[in-house]
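# Residue-level structure breakdown
The residues making up each chain are set out below.
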Amino acid sequence: MMHVLQLLFGLKSPVDRKTYLIAGLSLAVLKYAIDAVLVYVTTGKIWSLLAYLSPVLMLRAEALGDGPAPEMLLWGMAAYALPFAWVGLSMSVRRAADSGSSPWLGVGFLVPVLNWIIIAYLCYAPSRAGWAPEVSEGEILPTDLKTALASVGLGVALTMSMVATSVFVLGEYGWTLFIGTPFVVGMLAGWLTNRSGRRSAMSAVLTAVLAITLSGVATLLFALEGFICIAMAALPAYVVAMAGALLGRAIANSRRSKDLLGVSVIVACLPFLAGAETLHEDHTLYEVETTVEIDASPLEVWEHVINFTELDPPADWVVATGVAYPIRAKLIGEGVGAVRHCEFSTGPFVEPITRWEPGKRLSFDVLSQPVPMKEWSPYREIHPPHLDGYLRSKRGEFRFVELPGGRTRLEGSTWYEIDIAPESYWSIMSDTIIHRIHLRVLEHVKKEAEAAKLAAR
């Protein structure tokens, strides 16, 4: 068992074409079986094999059929996809070296469309070389500070250039920026620090971590992004950068050559991959639902939803976060076609009414909206591009459910899209923000409705 785990997850054992083919097919069947069972159990839908083989580097809820997929299902599928991705990547790199090709060819396993061509080639190509390191594990040299600093500098330069390309040229906050770039930065750090001799794995990992950290600092200081966005992006960036550092170190130690072409091709692919992501226009429609129970009838609660008084000021810590919060709402007109103006700390939402059922349901679309937050920054005012149109509220709804004893369960829902990848990761923050906004509004309605009922007695 230990030998099998080292073969699959490690970076030392060579991989011939028979092993690569058998392991690849077995793991693909296993993963499809797990995915299909989970999808069927949680949604009752069949996980299409055609959709499963789609060469898109993201989980797409649309592949599950009509209607939104459970968010926990997508999170679970993404989480256990990571070890499968690592096995495929590490075995592809070792198989490429075994075939006599550059180990960097195996990194193409991560590139959509191209990966199928590379996999087919690696299944066919006979063994011509080896993967065994040239230096024994015991001969580890001390860290070369000059090389480490150069690696960090190159990593920061690459990250900043990709931020400029992805965000300011392509208008894309995608997988290439948040996952692909840190991974390549990590590979560069691992490869460069071991290119002239074997260094410790910790040395490679720390170099990659430092490069990612200084990239975040530079992005903040150049006012390209705010602190909250950088902090949210840091966790996945550190994880993939460390994995990349280990892989780059293994490549350098297996083949101590001036393989500048291979690493140059990997770096050059990044802007093209970022450009390819702009062709993908499908986005998951997320729903956030919040409920409160109110000691008043549905019609009494309805009056306080459509005649909305000004909310109390939020706690200081809420204001300090910079996240938008509701202040007041005004309804112009009555019935379908009326327009609700919901004033937030960052500006107004304009919401035309699409469904008007007194005491039962109030639905509205979102015609326009303000920015979702004011970013933290050492500068007085910054406006990073992700604040404009990357979090889009599509519609909202209040539902009034009559409960025994003249009580009401008031349900509030918002449907939104997020155009920042990985969507499921960033939706953690957006779900939390929207839920807190809901709670502030619903608790205000509860307070007003119950106070009015008590005063009427």
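Position labels on residues start from 1 in each chain and follow its written sequence. At least 70 in pLDDT is required for a residue's local features to be given in this predicted model, at least 80 for side-chain atom pairs to be given and counted, and no such filter applies to totals for whole chains, interfaces and linings, which use all residues. Calculation of side-chain values draws on the structure's entire complement of heavy atoms; hydrogens and water are dropped beforehand.

### Describing the packing of aromatic side chains
Aromatic rings from Phe, Tyr and Trp, with only the six-membered ring used for Trp, were paired whenever their centres fell within 6.5 Å, and each pair was classed as stacked if the ring planes differed by under 30 degrees, edge-to-face if by over 60, and tilted otherwise. Under the defined criterion, the tally for this structure stands at 11 aromatic pairs. Between F364 and F398, the ring centres sit 6.3 Å apart and the planes meet at 45°, which makes this aromatic pair tilted. On the criterion of sequence distance, the pair formed by F364 in strand 5 (residues 361-365) and F398 in strand 6 (residues 391-403) is long-range, its members being 34 residues apart. With respect to burial, F364 and F398 carry one shared label: buried. Ring-pair connections join several aromatic residues into one group, and the members of that group are Y173, F178, Y390, Y425 and W426. Both a distance and an angle decide whether a charge sits over a ring: NZ of Lys or CZ of Arg must be within 6 Å of the ring centre and within 35 degrees of the ring normal. Its end group placed over the ring of F364, R340 keeps NZ or CZ at 5.2 Å from the ring centre. Note that R395 overlies the ring of W415, its terminal NZ or CZ placed 4.4 Å from the centroid. Elements are defined by DSSP. Helices are runs of H or I of four residues or more, strands are runs of E of two residues or more, and each kind is numbered from the N terminus. The rule is simple: take the accessible area with a 1.4 Å probe, protein chains only, and divide by the maximum for that residue type; under 20% is buried, over 50% is exposed, in between is partly exposed.

### Details of unusual backbone geometry
Of the consecutive residues A421 and P422, the connecting peptide bond is found in the cis state with omega at -10°. Here P422 lies in the loop between strand 7 (407-418) and helix 13 (423-456). Non-glycine residue V113 carries a positive phi angle of around 70°. Looking at the element boundaries, V113 is found in the loop between helix 4 (71-98) and helix 5 (114-124). What makes V113 exposed here is its relative accessible area of 52%.

### Looking at the confidence of the model for the protein
Reading predicted coordinates in detail is not appropriate for stretches of low pLDDT. One confidence number per residue, pLDDT, is output by the predictor and ranges from 0 to 100. Overall, the prediction assigns the protein a mean pLDDT of 86, with 91% of residues at 70 or greater. Taking the mean pLDDT of every element in the protein, the minimum, 63, falls on helix 3 (residues 49-52) and the maximum, 96, on strand 5.

### Comments concerning the nonpolar core
Here is a general trend for soluble globular proteins: nonpolar side chains tend to be buried in one another's company. W104, M187, L247 and W426 are the most contacted members of the largest nonpolar core, which totals 59 residues. Note on contacts: a residue pair is in contact if any heavy atoms of the two residues lie within 4.5 Å. What L247 contacts, discounting residues up to four positions off in sequence, is L11, W86, L89, V93, V107, F183 and M187. To define a nonpolar core, start from buried Ala, Val, Leu, Ile, Met, Phe, Trp, Tyr and Cys residues and group those joined through side-chain atoms within 4.5 Å.

### Digging into the sheet that holds strand 3 (residues 339-344)
Pairing within the open sheet is antiparallel, and its 7 strands lie in the order 1-7-6-5-4-3-2. In the strand order of this sheet, the two ends are held by strand 1 (286-294) and strand 2 (326-332), each with one partner. Direction aside, neighbouring strands of the sheet carry axes that sit 20° apart on average. Paired strands are those between which DSSP finds at least two bridges. One ladder, built from 9 bridges, connects strand 1 with strand 7; its direction is antiparallel. Bridged to E293 within strand 7 is R409. Against the sheet, helix 11 (residues 298-306) contacts strand 1, strand 2, strand 4 (347-357), strand 5, strand 6 and strand 7, and its axis sits at roughly 155° relative to strand 6. Axes, fitted as lines to C-alpha atoms, cover a helix only where it is in contact. Angles between the N-to-C directions of the axes lie from 0 to 180 degrees. Sheet strands touched by helix 13: strand 1, strand 2, strand 3, strand 6 and strand 7. Its angle to strand 1, the strand with the most contacts, is close to 25°.

### Points about a nonpolar patch on the surface
Taken together, the side chains of L210, L214, V217, L221, F222 and Y379 make up a nonpolar region of the molecular surface, amounting to roughly 560 Å² of accessible area. Tracing the backbone shows Y379 in the loop between strand 5 and strand 6. Think of a patch as exposed residues, more than 30% relative accessible area, with no salt bridge, where like charges cluster within 9 Å and nonpolar side chains (Val, Leu, Ile, Met, Phe, Trp, Tyr) cluster within 5 Å. Method for areas: the Shrake-Rupley scheme with a 1.4 Å probe, in which residue coverage is limited to the protein chains shown. A side-chain nitrogen of Lys or Arg and a carboxyl oxygen of Asp or Glu constitute a salt bridge if their distance falls within 4 Å.

### Examining helix 7 (residues 175-194)
Helix length check: helix 7 (20 residues) gives 27 Å between terminal C-alpha atoms against 28 Å at 1.5 Å per residue, within 8%. Where helix 7 bends most, the angle comes to about 30°, and this point is T181, followed within four residues by the proline P182. Residue count minus one, scaled by 1.5 Å, sets the expected span of a helix. The angle between axes fitted to the seven residues ending at a residue and the seven residues starting there is what we call the bend at that residue.

### Focus on the pattern of salt bridges
Where side chains of opposite charge bring their charged atoms close, a pairing between them can arise. Using the criterion set out here, one finds 15 salt bridges in the structure. Put simply, R328 and E310 hold a salt bridge, and the shortest N to O gap is 3.2 Å. Of the two residues, R328 is situated in strand 2 and E310 in the loop between helix 11 and helix 12 (316-321); the sequence distance between them amounts to 18 residues. Judged by relative accessible area, E310 falls into the partly exposed class, the value being 48%. With a shortest N-O distance of 2.9 Å, E397 and R361 are connected by a salt bridge. Of this pair, E397 sits in strand 6 while R361 sits in strand 5, placing them 36 residues apart in sequence. Accessibility expressed as a relative area gives 11% for E397, which makes it buried. One connected set of salt bridges, linked through shared partners, spans E289, R361, E397, R399, R409 and E411.

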